[in-house]
Amino acid sequence: MKKFSIICLTALIVLCIFAGCGGQTYQSVLDEYTVKFQEASSQLVKEFKSEGSEITDTAKLSKLYKQKINLLNDLLAEGTQKMAEIKTSNNDNESTYKDWVQKLTNIYYTEANKITNEYILILNSTLNA
C-alpha cells in the first residue's frame, strides 16, 4: 500500500509539472494585470492632477501626459510577455493568445482613458485661462 501511495504521489507531481499545475494561466495574468492597471491608473491620475495643475505650457503638459501613459504601456508589455510565455509553454494557437491579449489591451485602454480624460480637462482649463 505504501508503494502504491508513493507511485500515485509521484505520478501526481509529474502530471502537475507537465500540465502546468500551479503555473500562470491567461486568466490569472489578466486578473493580476487588471489590478495592476487599476492601481497604477489611480495613482497616475492623482499624480497627473497634482503635477499637471501647476503647468501652463501645453508642450510640458503633453510631455507629462506621455510619461504617465508610458508607465501603463510598460505594464501592458509585461502582461503581454507573460501571456506569450503561456502560449509557448502550452503550445497554444495564435488565436487563443490574441484573444487573451485583446482582453488585456481592453483593460489597458479603460485605465489609460482615465489619465487621458484628466489630461483633456487640464489642457482645456490651460487653454481657456
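Since this is a predicted model, take the numbers as computed values, not measurements. (Residues numbered from 1 in each chain as written. Predicted model: local features only at pLDDT ≥ 70, side-chain atom pairs only at ≥ 80, totals over all residues. Heavy atoms only, no water.)

## Remarks on the pattern of salt bridges
Phase 1 of the analysis: Tallied over the entire structure, the rule returns six salt bridges.
Phase 2 of the analysis: Salt-bridge contacts for glutamate 47 lead to lysine 68; the nearest nitrogen and oxygen are separated by 2.8 Å. One end of the pair, glutamate 47, is in helix H2 (residues 26–52); the other, lysine 68, is in helix H3 (residues 58–90), and 21 residues separate them in sequence.
Phase 3 of the analysis: What makes glutamate 47 partly exposed here is its relative accessible area of 25%.
Phase 4 of the analysis: Look at lysine 68 and you get buried, because its relative accessible area is 7%.
Phase 5 of the analysis: Between glutamate 94 and lysine 87 there is a salt bridge, with the nearest N and O atoms lying 3.4 Å from each other.
Phase 6 of the analysis: Connected via shared salt-bridge partners are Glu32, Lys36 and Lys82. (Salt bridge = Lys/Arg side-chain N within 4 Å of Asp/Glu carboxyl O. Helix = DSSP H or I, 4+ residues; strand = E, 2+ residues; numbered from the N terminus. Buried < 20%, exposed > 50% of the residue type's maximum accessible area, 1.4 Å probe, protein only.)

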